Amino acid sequence: MANIRKGDVVKVISGGRESRGGDRGKTGRVLEVFTEQNRVIVEGVNLVTKHVKVGQTQRGTKTGGIETHEAPIHVSNVALIDPESKDATRVRQETTTTEKSGVKVTTKVRVATKSGKEIKTND
């Protein structure tokens, strides 16, 4: 689950084809990650309509009506985008060791398996 984080650019790899009204092949930025349910919300993907009761604010403007927003999609149905080839890729974890003012610091980084380039977090 740690492979996909908020702010990553992902591609939908399963579901109905885009030509038939589905979301397969669409790309978008991850807006939110639900680790307990293994689901993510992707910008512009899995749009649903929600009927919200019409109300009125203190200023007198109307609220509610029919709204569209993104619904969660399972994390297995999306893949990270390779920063070099701009195509869907798998991810592996690597540890890098750097030395800062005489102290060795080890950090984990995500690396795209297709190109070997590091995937940077865009939080």
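Rules and cut-offs
- Residues numbered from 1 in each chain as written.
- Predicted model: local features only at pLDDT ≥ 70, side-chain atom pairs only at ≥ 80, totals over all residues.
- Heavy atoms only, no water.
- Helix = DSSP H or I, 4+ residues; strand = E, 2+ residues; numbered from the N terminus.
- Polar contact = N/O pair within 3.5 Å; in protein donor to acceptor, adjacent residues only side chain to side chain.
- Contact = heavy atoms within 4.5 Å.
- Pairing = 2+ DSSP bridges.
- Buried < 20%, exposed > 50% of the residue type's maximum accessible area, 1.4 Å probe, protein only.
- pLDDT = per-residue confidence, 0-100.

**With respect to the side chain of Asp 8**
- One can find Asp 8 in the segment before β1 (9–12).
- From its side chain, Asp 8 meets the backbone nitrogen of Arg 5 in a polar contact 2.8 Å long.
- Polar contacts involving the side chain of Asp 8 include one to the side chain of Arg 110, which spans 2.8 Å.
- Residues in contact with Asp 8, not counting those within four places in the same chain, are Asn 3, Gly 28, Arg 29, Val 30, Leu 80, Arg 110 and Lys 120.

**Remarks on the pairing of strand β3 (residues 39–42)**
- Two elements, strand β2 (residues 27–34) and β3, share 4 bridges in a ladder whose sense is antiparallel. Bridging across to β3, Val 30 finds its partner in Val 42.
- Connecting the antiparallel pair β2 and β3 is a turn made up of 4 residues, with Asn 38 showing a positive phi of about 55°.
- Examined bridge by bridge, β3 and strand β6 (residues 73–74) share 2 bridges and lie antiparallel to one another. For Val 40, the partnering residue across the bridge sits in β6 and is Ile 73.

**With respect to unusual backbone geometry**
- A positive phi angle, close to 55°, is found at Asn 38, a residue other than glycine.
- For Asn 38, the location among the structural elements is in the loop between β2 and β3.
- Its relative accessible area of 31% is what places Asn 38 among the partly exposed residues.
- Its identity is not glycine, yet Asn 46 carries a phi of approximately 60°, on the positive side.
- Residue placement: Asn 46 occurs in the loop between β3 and β4 (47–56).

**Considering the sheet that holds β1**
- The strand order across the open sheet built from 6 strands is β6-β3-β2-β1-β7-β8, with neighbouring strands paired in antiparallel fashion. The open sheet is flanked by β6 and β8 (88–89), the only strands paired with a single partner.

**Some remarks on the confidence of the model for the chain**
- In the predicted model, the chain carries a mean pLDDT of 89, and the fraction of residues at 70 or more is 97%.
- Across the chain, the secondary-structure element scoring lowest on mean pLDDT is strand β11 (residues 118–119), at 86, and the one scoring highest is β3, at 96.

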